[in-house]
Amino acid sequence: GYGDEQPVHSVVLSEGFWLSRYQVTNDDYRRFLQAQPGAVETPQYWDDRKFNQPKQPVVGISWHDAVKYCEWAGFRLPTEAEWEYACRAGSSQEYCFGNAPSQLSKYAWYDKNSNRQTQPIGSKRPNAWGLHDMHGNVYEWCSDWFGDYDSELCVDPIGAAEGSARVVRGGSWNSGARSVRSADRGGLLPRGADYDLGLRPLRVQRSAQDR
């Protein structure tokens, strides 16, 4: 992999969690805007036919917008470690399904098949845990500051203590095959609101006594 994907290290996630089966759609985000008027700005590209259809993933939202959506919906953004664990779905290979880019079009919208736009969620095969579009369609915000990995075993890592960029994962409709791998990572300024960037929320499992 690339240098920022190293060193290979072990991670322990001590709490179970649910990750949304799909990326947040324009339909989902419209309900948020209607319920919380003025809480966030209208997403960029909201009026662009290539990106604004109901079942396409919402794009053009900042990290701060993504956090506010998750808070409204009773979720949070995943950490980078939680995201990769869910993306891999038990696989240690390049993609959730193996190492062969020739199979990627069955699972992902990326630069070779996307027609230069987002595509309806759930229209490609899911990974082994039933999660769709973990590779491609849109990048997904994570909660972490972007930084170097620790070489030691990490328990519930939450990323760098501070930084200038937040982690994005998964690649997009605009990405090449290498950039939609399970291990690929990037960082963007929290105010970034690109046409290939959305979100997927997470909820931590709680035991009965914690509810």
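Residues numbered from 1 in each chain as written. Predicted model: local features only at pLDDT ≥ 70, side-chain atom pairs only at ≥ 80, totals over all residues. Heavy atoms only, no water.

A. Focus on the pattern of salt bridges. For the structure shown, the criterion picks out twelve salt bridges. Asp27 serves as the salt-bridge partner of Arg30, at 3.3 Å between the closest nitrogen and oxygen. Taken together, the residues Arg30 and Asp27, both in helix 1 (residues 26-35) and three residues apart, mark about one turn of the helix. Note that Glu80 and Arg169 form a salt bridge whose closest N and O atoms lie 3.1 Å from each other. You can see Glu80 sitting in helix 3 (residues 80-88) and its partner Arg169 sitting in strand 5 (residues 166-169), a full 89 residues away along the chain. Among the residues examined, Arg169 registers a relative accessible area of 0% and is labelled buried. (Salt bridge = Lys/Arg side-chain N within 4 Å of Asp/Glu carboxyl O. Helix = DSSP H or I, 4+ residues; strand = E, 2+ residues; numbered from the N terminus. Buried < 20%, exposed > 50% of the residue type's maximum accessible area, 1.4 Å probe, protein only.)

B. Broad picture of the nonpolar core. Formed by 18 residues in total, the largest nonpolar core has its most connected members in Tyr29, Val58, Leu77, Trp141 and Leu199. Residue assignment for this core shows that the elements contributing at least two residues are helix 1, helix 2 (63-73) and strand 3 (139-145). The greatest single-element share of this core, amounting to four residues, is contributed by helix 2. With eleven residues, the next largest nonpolar core counts Trp83, Cys87, Leu131 and Val204 among its residues. (Core = buried A, V, L, I, M, F, W, Y, C linked by side-chain atoms within 4.5 Å.)

C. Spatial organisation of the packing of aromatic side chains. Under the counting rule described, the total for this entry stands at 15 aromatic pairs. Both rings, one in Phe32 and one in Trp72, keep their centres 5.4 Å apart while their planes meet at 45 degrees; by these two values the pair is tilted. With Phe32 in helix 1 and Trp72 in helix 2, the pair connects residues that are 40 residues apart, well separated along the chain. Given the relative accessible area of 1%, Phe32 is considered buried. Judged by relative accessible area, Trp72 falls into the partly exposed class, the value being 35%. Measuring from ring centre to ring centre gives 5.0 Å for Trp173 and Tyr195, while their planes differ by 65 degrees; the resulting arrangement is edge-to-face. Placement of the pair is Trp173 in the loop between strand 5 and strand 6 (185-188) and Tyr195 in the loop between strand 6 and strand 7 (197-198), with a sequence separation of 22 residues. In textbook terms, an aromatic cluster arises when at least three aromatic residues are bridged by ring pairs, as seen for Tyr29, Phe32, Trp46, Tyr69 and Trp72. Between Arg185 and the ring centre of Tyr149, over which it is positioned, the NZ or CZ distance is 4.1 Å. (Phe/Tyr/Trp six-rings, centres within 6.5 Å; stacked < 30°, edge-to-face > 60°. Lys NZ or Arg CZ within 6 Å of the ring centre and 35° of its normal.)

D. Region of interest: the state of the cysteines. Inspection of every chain in the model, using the stated rule, returns zero disulfides. Not part of a disulfide, Cys70 finds its nearest cysteine sulfur in Cys142, a span of 11 Å. For Cys96, which is in no disulfide, the shortest distance to another cysteine sulfur is to Cys87 and amounts to 6.2 Å. (Disulfide = S-S within 2.5 Å.)

E. Molecular detail of the side chain of Ser182. Here Ser182 lies in the loop between strand 5 and strand 6. Residues within four places of Ser182 in sequence aside, it is in contact with Trp83, Glu84, Cys87, Arg88, Gln93, Glu94, Tyr95, Cys96, His135 and Arg169. (Contact = heavy atoms within 4.5 Å.)

F. Seen up close, the environment of Glu15. By the element assignment, Glu15 lies in the loop between strand 1 (11-12) and strand 2 (17-19). Here the alpha-carbon distance between Glu15 and Val204, two residues 189 residues apart in the chain, equals 6.9 Å. Leaving out residues up to four positions away in the same chain, Glu15 has contacts with Asp156, Val204 and Arg206.

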